Amino acid sequence: MHFTINKEIFNAALKNASYKYNREISSERISEVFKTFALSAYNNKLYIAVNHSEYGVVAECECTTISNGCAVVYDTAIQKVVNSFDANDTITLELIASEYCNKLQLSGTGVQFKLQCCDNEQVKEFKTELLSNTKYDCKNIFDAQELLATLKSVVGAISTNPDRYNLNMLYLETSKESGKLVLIASDGHRLLYNEATPINKINVLPEKTSSIFLHRVQANHIVKVLDSQIKAAKKKPVNCTLYFCTTTNSIELRVGNLLYVSKTSNVEYPNYKAIMRDNNSTCVLNTKQTIKALKLLNAVYKKNGIKGACIKTDNEGCLQVSCINQYGDTSNQRLEYNGNAKDIHVSINPDFLMDAIKSIKSTEFTLELQSNNSTSPINIYCASSETFKTVIMPMRIN
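Residues numbered from 1 in each chain as written. Predicted model: local features only at pLDDT ≥ 70, side-chain atom pairs only at ≥ 80, totals over all residues. Heavy atoms only, no water.

Participant: How do you make sense of the overall build of the protein when you look at a structure like this?
Facilitator: Within the protein one finds eight helices and 25 strands. Put simply, the protein has 398 residues, and 51% of those count as buried. (Helix = DSSP H or I, 4+ residues; strand = E, 2+ residues; numbered from the N terminus. Buried < 20%, exposed > 50% of the residue type's maximum accessible area, 1.4 Å probe, protein only.)

So, in structure tokens, the structure goes:
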């Protein structure tokens, strides 16, 4: 391996690949921690790969290749060495093979460093086939900001309970019939549903419904990857391409010069269509007024701890929302609504209700309930073109 590269471009690519994952992984109780970079120079392209048993990150940048090859080095060592070069200096990197160990030589203006390379068996060597995307059975091209907003709207509902492993997943579903990517997350108490629409018609979609499952860790990593690339673009439009393959249980996200690769899981997921059934009573409420009312109730009982929120209709055509604290004290807010709701009396978690309403961008939203049934799930959605929907399971309050 022998190539030259601008110092600033090289430094930016190293930072792009690192993402400070060490702390994130340790907090998720994953034993393997990123300590090495796999540098691969191929045809005037440098690929910097960070590999993990479940997922990996690949940063791509321009370079001038003299000879192709790959070297594995410690991340902190090469970052410190690159920072030692002058700004906009041209760095020459050459792999020097020896009988005992390989070394990576970095040369600049009047400066030269040699770094000991790691054994290639410690990290899987990055291969160009990773970027070919020839094995996918689904390809979607999105506006990165729209996909990020869609992901953020649902990932908060992914369960963190290790005993409910099947709910520790983000469910993704697509088909040629719908032409959209469906994202669903649930913790057993609520279910969040949203859709992302591709930006053009060159997407490759399966004939039948195809679905995959991403663990909570990988889903949050994709959010961070998209967020960082959008910020780096400085308000310029950013597109991203999402590939996934059900036969190899893998997913790839390319955004800008970064590729995120992850394995997917096989779990039994609840039938969300059965949970999102229609109810016979609807209330169309003003979004801002409802948020204001919930905040007033929350402010009164926040210090004492809210036990639950009770929703019921009264004889004057209003919806009463009352919060009950752990001592049995209550506070009521009355909201005017449009719709056919009657004989409603149900209790739900007020935090889930607030989160669902805040995610709705429209001025009005629909609360769909079942008359004379306090155990039926509550549907919350926008009556306009928004695709975000929330299903909240009721509570039992003595």
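Participant: Mind showing me how you'd approach the pattern of salt bridges here?
Facilitator: If charged atoms from side chains of opposite charge come close, those side chains can pair. This structure, assessed with the given rule, holds nine salt bridges. The shortest N-O distance in the salt bridge between arginine 190 and aspartate 355 comes to 3.6 Å. You can see arginine 190 sitting in strand β13 (residues 190-196) and its partner aspartate 355 sitting in helix α8 (residues 350-358), a full 165 residues away along the chain. Overall, the relative accessible area of 12% leaves arginine 190 in the buried class. Put simply, aspartate 314 and arginine 334 hold a salt bridge, and the shortest N to O gap is 3.2 Å. Linking aspartate 314 in the loop between β19 (306-313) and β20 (318-325) with arginine 334 in strand β21 (residues 330-336), this pair joins segments that are 20 residues apart in sequence. Accessibility expressed as a relative area gives 44% for arginine 334, which makes it partly exposed. (Salt bridge = Lys/Arg side-chain N within 4 Å of Asp/Glu carboxyl O.)

Participant: What is the right way to look at helix α1 (residues 7-18) in this model?
Facilitator: Residue pairs three or four apart in sequence face the same way in an α-helix, which turns once every 3.6 residues. When the terminal C-alpha atoms of α1 are compared, their 17 Å separation across 12 residues agrees well with the 16 Å that a helix rising 1.5 Å per residue should span. The set of residues buried in α1 consists of Lys7, Phe10, Asn11, Ala13, Leu14, Asn16 and Ala17. A side-chain oxygen of the first residue of α1 lies 2.9 Å from the backbone nitrogen of glutamate 8; this N-cap is asparagine 6. (Expected span 1.5 Å × (residues − 1). Polar contact = N/O pair within 3.5 Å; in protein donor to acceptor, adjacent residues only side chain to side chain.)

Participant: Even after reading the chapter, I still don't get the layout of surface pockets, so can you show me in this structure?
Facilitator: Unoccupied space between atoms shows up once a probe the size of one water molecule is rolled over them. By volume, the second largest pocket amounts to about 500 Å³. Along the wall of the second largest pocket there are 20 residues; nearest its centre are Ala12, Asn16, Gln229, Ala232 and Asn257. Counting residues per element, the ones that place at least two in the lining of the second largest pocket are α1, β4 (55-62) and α5 (216-232). Per-element accounting of the lining of the second largest pocket gives the leading share, six residues, to α1. Looking at the lining of the second largest pocket residue by residue, the classes come out as nine nonpolar, six polar and five charged. (1 Å grid on protein atoms, 1.4 Å probe; cavity = no way out; pocket = protein on both sides within 12 Å on 5 of 7 lines; lining within 4 Å. Points joined across faces, edges and corners; volume = space filled by probe spheres on them. Nonpolar A, V, L, I, M, F, W, Y, C, P; charged D, E, K, R; others polar.)

Participant: Teacher, can you tell me more about the packing of helix α4 (residues 144-155) against α5 here?
Facilitator: Helix packing for two helices is described by the angle between their axes and how far apart those axes are. Orientation of α4 relative to α5, taken along the N-to-C sense of each, is 145°, at an axis distance of 10 Å. α5 is crossed by α4, and the crossing has left-handed handedness. Taken together, the residues of α5 that come into contact with α4 (itself represented by Ala144, Gln145, Leu147, Leu148, Leu151, Lys152 and Val155) are Ala219, Asn220, Ile222, Val223, Leu226, Asp227 and Ile230. Broken down by class, the residue content of the contact of α4 with α5 amounts to 10 nonpolar, two polar and two charged. (Axes fitted to C-alpha atoms, helices over the stretch in contact; angles between N-to-C directions. Left-handed = near helix turned anticlockwise from the far one by under 90°. Contact = heavy atoms within 4.5 Å.)

Participant: Can you help me understand the packing of aromatic side chains in this one?
Facilitator: Between two aromatic rings, the relevant description is the distance of the centres plus the angle of the planes. Here the structure, examined in full by the defined rule, presents two aromatic pairs. Look at phenylalanine 85 and phenylalanine 113: their rings are 5.7 Å apart centre to centre, the planes differ by 75°, and that puts the pair in the edge-to-face class. Separated by 28 residues along the polypeptide, phenylalanine 85 in the loop between α3 (75-83) and β7 (90-96) and phenylalanine 113 in strand β9 (residues 112-116) bring together distant segments of the chain. By relative accessible area, phenylalanine 85 is classed as buried at 4%. For the pair tyrosine 171 and phenylalanine 213, a centre-to-centre distance of 5.2 Å together with 45° between the ring planes defines the contact as tilted. Note that tyrosine 171 is positioned in strand β11 (residues 169-174) and phenylalanine 213 in strand β14 (residues 210-215), a separation of 42 residues in sequence. By the burial criterion, tyrosine 171 is buried, and phenylalanine 213 matches it. (Phe/Tyr/Trp six-rings, centres within 6.5 Å; stacked < 30°, edge-to-face > 60°.)

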